[in-house]
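Understanding the architecture of this molecule
Residue strings, one per chain:
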Amino acid sequence: MDCKLELVVLPVSDVDRAKAFYVDQAGFKVDVDQVVNDEIRFIQLTPRGSACSIAIGTGLTNAEPGSARGLQVVVADIATARNELAAEKVDVTEVEVFPWGSFVHFADPDGNRWSVQELPARP
């Protein structure tokens, strides 16, 4: 059985602030922004080149805003990714290099934490 992870829900406290961060600073694309009813607003955002999206909104999760950890995207060039995030005023760490890849880290306005990884060269 093939399975594809295509959507991860992130808990946020201010939907419009989070949407602005992910679109204007982190470079995600808005796929959907729909008010379903008075209790539910669903926004689907996708990182450039990704098959998996995130969802933010109201009425989507009971998780505490900012509690998401371990979110990770992979890029071809960590230095370029870091420079692009920093240019958009994202508080991004310096590059860390390990045998399993090079990383930078950042958080959204609520504190949901992201890692950006460049995989090491394969033999």
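Preceding this paragraph is the structure being described.
We now turn to the structure provided with this report. Not measured: the values here are computed from a predicted model.

Once that is clear, we can look at the environment of Thr58. Tracing the sequence through the fold places Thr58 in strand β4 (residues 53-58). Leave out the neighbours within four places in its chain, and Thr58 touches Val15, Glu39, Ile40 and Arg41.

Time to look at the side chain of Asn112. Residue position: Asn112 is located in the loop between β7 (101-107) and β8 (113-118). A polar side-chain atom of Asn112 sits 2.9 Å from the main-chain amide nitrogen of Ala68. With near-sequence residues (within four places) excluded, Asn112 lies in contact with Leu10, Pro11, Val12, Tyr22, Gly66, Ser67, Ala68, Arg69, Phe106 and Ala107.

We now examine the nonpolar core. Formed by 23 residues in total, the largest nonpolar core has its most connected members in Leu10, Tyr22, Phe106 and Trp114. The set of elements that each furnish at least two residues to this core consists of α1 (15-25), β3 (41-46), β4, α2 (78-87), β7 and β8. The leading source of residues in this core is α1, at four residues. Sequence-distant contacts of Leu10, that is, excluding residues within four places in its chain, are made with Tyr22, Ile54, Ala55, Ile56, Ala68, Leu71, Asn112 and Trp114.

This brings us to α1. Where α1 is concerned, the buried positions are Val15, Ala18, Phe21 and Tyr22. Along α1, the residues classed as buried sweep out an arc of 130 degrees about the axis, all on the same side. Along its buried surface, α1 packs onto β3, β4, β7 and β8. With a side-chain oxygen lying 3.2 Å from the backbone nitrogen of Asp16, the N-terminal cap of α1 falls on Asp14. The first or second residue beyond α1 is Gly27, which carries a positive phi of 80 degrees.

Conventions used here
Residues numbered from 1 in each chain as written. Predicted model: local features only at pLDDT ≥ 70, side-chain atom pairs only at ≥ 80, totals over all residues. Heavy atoms only, no water. Helix = DSSP H or I, 4+ residues; strand = E, 2+ residues; numbered from the N terminus. Contact = heavy atoms within 4.5 Å. Polar contact = N/O pair within 3.5 Å; in protein donor to acceptor, adjacent residues only side chain to side chain. Core = buried A, V, L, I, M, F, W, Y, C linked by side-chain atoms within 4.5 Å. Buried < 20%, exposed > 50% of the residue type's maximum accessible area, 1.4 Å probe, protein only. Arc of directions from axis to C-beta.

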